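# Summary of the model geometry
The lines below spell out each chain.
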Amino acid sequence: MILGIDFGHYSIKIVVINNKEIYSVGEKTIINNLSGFDPDKLEVSHWQSAFKELCDELNINIKKVDKIISSISGSKVSIKPLTMLEMEESELIEILNFEAKKHVPLDGSDPVVDYHILGQNPKEIDKLDMLLVATTQKIIKNHNLIIKSCSLKHPVFDTDPIALLNCYQYNYECIDNHVDVLLNIGLLNTTILVYGDNQELLTREISIGGHQINLDIMKLKGSDYSEAENSKKVEGVSIFESDNDSESNSIQISQRNVLSDLSDEIRKTLRYYMKSKTGLSYNKFYISGGSSSMPGVVDFLNSNLNVEFEQLNPFNKLEMKDSIDNASKYAVSFGLAIREMDKD
């Protein structure tokens, strides 16, 4: 039995796979009363309590779980594609540690480095393409505190962007000379990932998510966090549309910029990726994450970017007993579980 856990700042989402079938899927909000919610004030006990409640609701016995995989937020890790000469592993690690220090957060602790060799570079046969994944010891330690509090033993640590990519690769295929775009809108950040077979991988974290949208709704409506979250889920993008009142109209137009800013950052990323590419085109655009279910957000992005986003379905190839609302919010937790499925 494999357990993939997405410890988010709004909720915990888990996917359990047993014998290559979906055993259980579920979500639990971390804070019951969102009125004064502040993600910066979350404590380990909040995740611990929510995880226990979720396991009880889904009748999951942790002692029967063979493999546990959790992920660290993409904003806390650096994922960089590199092309390097073949060399001894000890020399490679030394170079990667030096490279990692350029990208990981400066929190006073040493970098933690991992890498994955993708294969031989198609243009330079004496070089290898690889992915550098780096974070810091402090970030690992803080994440491990949550893991231990939930009585989880011997977990595998992954990252949100890699889990998202695993989910995509399991369920979809990319055609030659094209790349697909994955967009995962979380609470604090939006992950954008561009991937194609034998193409450069790009990942980027945009500091806009459901939390920033809620804050703008609070300013606009004078509401508390819980009311803003409900307005986001019910009214969606339309809450930012202007009315006939000139004073409130100017406020509403400015508040709509939170979504316009997101759209602008996505556009910049897509243009940057294609800047030096020839004979390559965008193919499919997939969207996922809890905040991607905000009514009207997909149409808003489609209209502003002139593309066609479709919801990424983590369970596209695995049969589900029951239907799931907004299945795309489980993209990360499914991607975590699926990485160990073939080894099960």
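We now turn to the structure provided with this report. This is a predicted model, so every value here is computed, not measured.

### Digging into the pattern of salt bridges
Here the structure, examined in full by the defined rule, presents 13 salt bridges. The shortest N-O distance in the salt bridge between K329 and E27 comes to 2.6 Å. In this pair, K329 sits in the loop between β13 (309-311) and α10 (331-338) while E27 sits in strand β3 (residues 21-29), placing the two residues 302 residues apart along the sequence. In this structure, the salt-bridge partner of E265 is K268, at a minimum N-O distance of 3.3 Å. You can see E265 and its partner K268 sitting in helix α8 (residues 257-274), three residues apart, about one turn around the helix. Several salt bridges share partner residues, and in doing so they unite K28, E53 and E57 into one network.

### Structural notes on empty space enclosed by the protein
Scanning the entire structure with this criterion turns up one cavity of 30 Å³ or more. Along the walls of the largest cavity sit I185, I208, G209, I213, L259, L262, S291 and V297, which together make up its complete lining. When the residues that make up the lining of the largest cavity are grouped by side-chain class, the tally is six nonpolar, two polar and no charged.

### What to know about the layout of surface pockets
By volume, the largest pocket amounts to about 1500 Å³. In terms of lining residues, the largest pocket is bounded by 47 residues, among which H116, L118, M130, L131 and L201 are the most central. Elements supplying a minimum of two residues to the lining of the largest pocket: β5 (78-85), β6 (111-120), β7 (127-136), β8 (156-159) and α4 (160-171). When residues of the lining of the largest pocket are assigned to their parent elements, the largest contribution, eight residues, is made by β6. For the lining of the largest pocket, the class distribution of residues is 22 nonpolar, 16 polar and nine charged. Roughly 1100 Å³ of volume is contained in the second largest pocket. Lining the second largest pocket are 46 residues, with F7, G8, H9, Y10 and L187 positioned closest to its centre. Only β1 (2-7), β2 (11-18), α1 (44-57), β4 (67-72), α3 (137-149), β9 (178-185) and α6 (225-234) provide two or more residues apiece to the lining of the second largest pocket. Ranked by residue count, the leading element in the lining of the second largest pocket is α3, at five residues. Of the residues assigned to the lining of the second largest pocket, the class counts are 15 nonpolar, 19 polar and twelve charged.

### Observations concerning the sheet that holds β5
If you walk across this open sheet you meet the three strands as β5-β7-β6, and the pairing is antiparallel. Of all the strands in the sheet, just β5 and β6 have a single pairing partner and so form its edges. The mean angle between the axes of side-by-side strands here comes to 25°, regardless of whether they run parallel or antiparallel. Of the strand pairs in this sheet, β5 and β7 are connected by eight bridges, and their pairing is antiparallel. Its bridge partner lying in β7, I79 is registered against V133. Sitting on the sheet, helix α2 (residues 89-100) touches β5, β6 and β7, and the angle it makes with β6 is about 120°.

### Overview of the environment of M84
Its place among the elements puts M84 in strand β5. The exposure class assigned to M84 is buried, which follows from its relative accessible area of 12%. M84 sits eleven residues away from I95 along the chain, and the two C-alpha atoms are 9.9 Å apart. Residues contacting M84, with those up to four places away along its chain left out, are L92, I95, L96, K127, L128 and M130.

### Examining the packing of α4 against α10
The interhelical angle for the contact between α4 and α10, taken along N-to-C directions, is 80°, at an axis separation of 7 Å. In terms of orientation, α4 lies roughly perpendicular with respect to α10. Residues D160, A163, L164, N166, C167, Y170 and N171 of α4 pack against A331, V332, F334, G335, L336 and I338 of α10.

The rules behind each value
Residues numbered from 1 in each chain as written. Predicted model: local features only at pLDDT ≥ 70, side-chain atom pairs only at ≥ 80, totals over all residues. Heavy atoms only, no water. Salt bridge = Lys/Arg side-chain N within 4 Å of Asp/Glu carboxyl O. Helix = DSSP H or I, 4+ residues; strand = E, 2+ residues; numbered from the N terminus. 1 Å grid on protein atoms, 1.4 Å probe; cavity = no way out; pocket = protein on both sides within 12 Å on 5 of 7 lines; lining within 4 Å. Points joined across faces, edges and corners; volume = space filled by probe spheres on them. Nonpolar A, V, L, I, M, F, W, Y, C, P; charged D, E, K, R; others polar. Pairing = 2+ DSSP bridges. Axes fitted to C-alpha atoms, helices over the stretch in contact; angles between N-to-C directions. Contact = heavy atoms within 4.5 Å. Buried < 20%, exposed > 50% of the residue type's maximum accessible area, 1.4 Å probe, protein only. Parallel < 35°, antiparallel > 145°, perpendicular 65-115°, else oblique.

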